Structure formats: structure tokens, C-alpha cells
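# Remarks on the overall topology
Below, each chain spelled out in residue letters.
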Amino acid sequence: MRLLFLFSFLLSFSLNSTAENEADRYLESELYSKPVEVVKGVWTAIGATQPPTTENAGHNNNLSFIVSNDGVLVVNSGASSFLARALHDEIKKITDQPVRYVVLENGQGHAMLGSNYWQKQGAKIIAHDDAITEIEKYGAAEAEGMMAYNRDRGMDTTVIIPDISFSERLEIHLGGILVELIHFGSAHSAGDISVYLPEQDVIIAGDIAFHQRMLPVFPETKTLRWVETFDLFVATGAKHVIPGHGEPTDMMTVTAETKGYLTFLQDHARKLLDEDLGLEEAYEIDQSAYRHLDTFEELAKKNAGRIFQELEADSF
């Protein structure tokens, strides 16, 4: 179901004006933007907030990394072996330390399809149990979808199964840095995790938190549980938030655009159900307060419909 959503999303996007595509911000690399240091030793290469395209080489999520005196930990492998290599080139400009771990924020293609490149470099690939199940089920189809837009730049990409799995929490000591991999609970997609650095007061949220682009609700997404999960995420109290998509920000901002948006639609859906109204009315919920978010046109109506259907099913 998630892949059907992805393909329909890409199709609907391609029918819109190409003027909506942002220009590549880093012409010297296949990365959409040059890595920036968020706090000392924690970097992120911010992806486009549009769907994956040939122009952005699939770099439409944040590719982050932590540099220590005893190696590097990368968060998200990249959408292809080609893009993973481009990220590695940037890491090597910053440090001579080897990449020891690559953590996948979930099982989606832009999180995991570059894993084979990193594994060849000697890195251990880590993912949540549920993300590994997603890769086993849908990895081949994700690779096929990537090849459709990435063409020859996806040729060296093969799907591999991560080396290390966990169910709730995994601690890694990277040099003098404590890195906590945390599954707070169900959210955007199966196996969503965040990477928390308590001493640096920063959390690499993954797809639990959105703020510059509208979050997508998949047919299988349970937004009621996402809201509960989000509260646990907020409870970390991290000052700096690197979301799955968009620029680094703070907890207040992602709360407004993630939990705020989800509860907004849930409240409106409940009102429609109380009034014995249906899906057509859900599609017409006024979401203009969120029009500033990228991908609003592609996602707003779909999100409203899916949340209405979730609450309708939950009411029986």
C-alpha cells in the first residue's frame, strides 16, 4: 500500500508545473545541498522538500552524520549507491575517520537504498525490526521506483538487509559521544526511529517530525498512535531538531506542524462523523492554514481523506 501511495504521489507531482521544482543548491555535487554543521560534530545535508526527481537524484530527505574521534555514524544511506558516494565524498572533506555505522530512519527507499555502498566501505547498517521487514517485502519495488527517475545513476544500487536490528532502543558509543537510537512508537511509517544525542542536546528526528513540507499520511498510517508517539519524542526535551525533511529547527516548530496538523485534521474528521457526513466532506476540510507547507497541493486532500477513514474505522 505504501508503494502504491508513493507511485501515485510521484504521478500527481509530475502533472504539476515543473516550475515548482527547486533548483539544486549545490552544483558541485549530486547532493541537493552542501552539508551544514548543526552543532559541533553533527552535520546534515538537507534534501529537497519535493518528491524524488531526476534533477535532485532522489536527495529529498535529510542525510545526516555524526563525526567523532573514533569514526562516523551516518543517518540514512541515501536513495542510491550513487548518492551515498556523493555524501561520503563530503564526509571525507570534513574528517579522515571511517564511517562505522549507517542508521536507517525507516525502510523507505531514500533511507535505505544506498546501504550497499556503505556496506562495501565496511560500515554496519542498523535499522529497526519493522523497517527490516519493510525492506524484505518492498525493497525490490522501491529500487525499481528509484530507477524510474534516477536512470543510470541508480545502476550500482542493490537492496541489502541491514546487519544489526533492534526493537526499542540501542545505544552506541562513538568515540566520546553517546548516540541513542530510539523507536518511540508507531508514526509515519513502519520502523520509524530517531537518533538522540543527549549531551549535544540534539535529536535527528527522522520522519516522526515535519515542519517545512506537509507530512504524508499513508493508507496504513495510524495517526492516533502517531500523536501518542510524538508526545514521547517531545519528552526528550531536545533543543535542536533535525527533521526527516527540511531545515534544522526546534521542538516548538515541529510540534505545531506535525502534532498540530494531525490533531487539526482529527478534530475536523470527528466533527464530520458526529454530523453523519462522509468522505467527500472530509476532502473539503479547509486546510488553508497549512498552505505554506511544501507538497500541500499533492497531499492535503489525501491526508484528510485517510484520517477521516481511520477515525471512521476506529469508531466501530
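Further up the page is the structure itself.
Right, let's walk through the structure included here. Model, not experiment: these values are computed from the prediction.

Across the two faces of strand E2 (residues 42-45) the burial is the same, with Val 42 and Thr 44 and Trp 43 and Ala 45 all buried. Bridging between strand E1 (residues 36-39) and E2 involves 3 bridges; their strand directions are antiparallel. Pairing of Glu 37 across the sheet is with Trp 43, part of E2. Counted between consecutive antiparallel strands, the loop separating E1 from E2 contains 2 residues, among which Gly 41 sits at a positive phi close to 85 degrees.

Attention now goes to the sheet that holds strand E11 (residues 202-206). Spatially, E8-E9-E10-E11-E12 is the arrangement adopted by the 5 strands of the open sheet, whose pairing is mixed. Each end of this open sheet is capped by a strand with a single partner; those strands are strand E8 (169-174) and strand E12 (240-243). Put simply, the sheet's adjacent strands are angled 20 degrees from each other on average, direction ignored. Relative to strand E9 (residues 177-182), E8 is paired through 6 bridges, and the arrangement is antiparallel. Following the sheet pairing, Leu 174 is matched in E9 by Ile 177.

Helix length check: helix H9 (residues 296-314) (19 residues) gives 26 Å between terminal C-alpha atoms against 27 Å at 1.5 Å per residue, within 8%. Along H9, the residues that are buried comprise Phe 296, Glu 298, Leu 299, Ala 300, Asn 303, Ala 304, Gly 305, Ile 307, Phe 308, Glu 310 and Leu 311.

Thresholds, definitions, all that
Residues numbered from 1 in each chain as written. Predicted model: local features only at pLDDT ≥ 70, side-chain atom pairs only at ≥ 80, totals over all residues. Heavy atoms only, no water. Buried < 20%, exposed > 50% of the residue type's maximum accessible area, 1.4 Å probe, protein only. Helix = DSSP H or I, 4+ residues; strand = E, 2+ residues; numbered from the N terminus. Pairing = 2+ DSSP bridges. Axes fitted to C-alpha atoms, helices over the stretch in contact; angles between N-to-C directions. Expected span 1.5 Å × (residues − 1).

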